[in-house]
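Residue-level structure breakdown
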Amino acid sequence: TPEEGSLVMSEPTPDEPIVAESKGLSALRFIEKYISTNGYPPSRREVAEHLECSVAYSQTVVDRLVEEGLVRTVRNSPRTTTITEAGFTALTEEF
């Protein structure tokens, strides 16, 4: 068994994302569900709470979704995230 504090990683459980992109897909699903339930997009803090990460990291995840063309946002404006056609396609394909 690895010593406490060692850098040996254990096998991921079925609930753990294996790659960072899984956070992006989780965020995309959350944004879609939040919009359909509430009628407006979630704040970055709400995305962070869903992902169980910092607000800064949730911004990074959303920025990545923008770069990949899955969502659009208006920079420095709250609650402006919208899912693009490519984003809806990604959700239905569940890659």
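Computed from a predicted structure; not experimentally measured.

The next thing to look at is the overall build of the protein. Counting secondary structure elements, the protein contains 4 helices and 2 strands. The N-to-C order of helical and strand elements in the protein reads α-α-α-β-β-α. A fraction of 41% describes how many contacts in the protein between residues 6 or more apart in sequence connect residues 24 or more apart. Surface accessibility of the protein: about 6900 Å² in total, with carbon and sulfur atoms responsible for 52%.

For the rest of this paragraph, the subject is the environment of Cys 53. Relative to the helices and strands, Cys 53 is located in the loop between helix H2 (44-51) and helix H3 (55-67). With 30 residues separating them in the primary sequence, Cys 53 and Lys 23 have C-alpha atoms 10.0 Å apart. Excluding residues within four positions of it along the chain, Cys 53 makes contact with Ala 48 and Ser 58.

If you walk through the whole model with that rule in mind, you get 3 salt bridges. Put simply, Arg 79 and Glu 46 hold a salt bridge, and the shortest N to O gap is 3.0 Å. Of the two residues, Arg 79 sits in the loop between strand E1 (71-72) and strand E2 (82-83) while Glu 46 sits in helix H2, which places them 33 residues apart along the sequence. Residues Arg 64 and Glu 68 are paired through a salt bridge, measuring 3.8 Å at the closest nitrogen-oxygen approach. On the accessibility criterion, Arg 64 (43% relative accessible area) is partly exposed.

Looking now at the confidence of the model for the protein. Mean pLDDT over the protein works out to 82, with 76% of the residues at or above the 70 mark. Contacts of residues 16-20 to residues separated by more than four positions or lying in other chains number 2 contacts, the stretch itself having pLDDT below 50.

This part takes up the packing of aromatic side chains. Geometry of an aromatic ring pair is reported as the spacing of the ring centres plus the angle between the planes. Scanning all chains against the criterion turns up 2 aromatic pairs. Here Phe 30 and Tyr 34 contribute two aromatic rings whose centre-to-centre distance is 5.7 Å and whose plane-to-plane angle is 55°, an arrangement assigned as tilted. One end of the pair, Phe 30, and the other, Tyr 34, are both in helix H1 (residues 21-38), 4 residues apart, so they sit about a helical turn from each other. Using a relative accessible area of 13% as the deciding quantity, one classes Tyr 34 as buried. The interplanar angle of 75° and the centroid separation of 5.9 Å between the aromatic rings of Tyr 34 and Tyr 40 together place this pair among those described as edge-to-face.

Criteria and thresholds
- Residues numbered from 1 in each chain as written.
- Predicted model: local features only at pLDDT ≥ 70, side-chain atom pairs only at ≥ 80, totals over all residues.
- Heavy atoms only, no water.
- Helix = DSSP H or I, 4+ residues; strand = E, 2+ residues; numbered from the N terminus.
- Contact = heavy atoms within 4.5 Å.
- Areas by Shrake-Rupley, 256 points an atom, 1.4 Å probe, with all protein chains shown as cover.
- Salt bridge = Lys/Arg side-chain N within 4 Å of Asp/Glu carboxyl O.
- Buried < 20%, exposed > 50% of the residue type's maximum accessible area, 1.4 Å probe, protein only.
- pLDDT = per-residue confidence, 0-100.
- Phe/Tyr/Trp six-rings, centres within 6.5 Å; stacked < 30°, edge-to-face > 60°.

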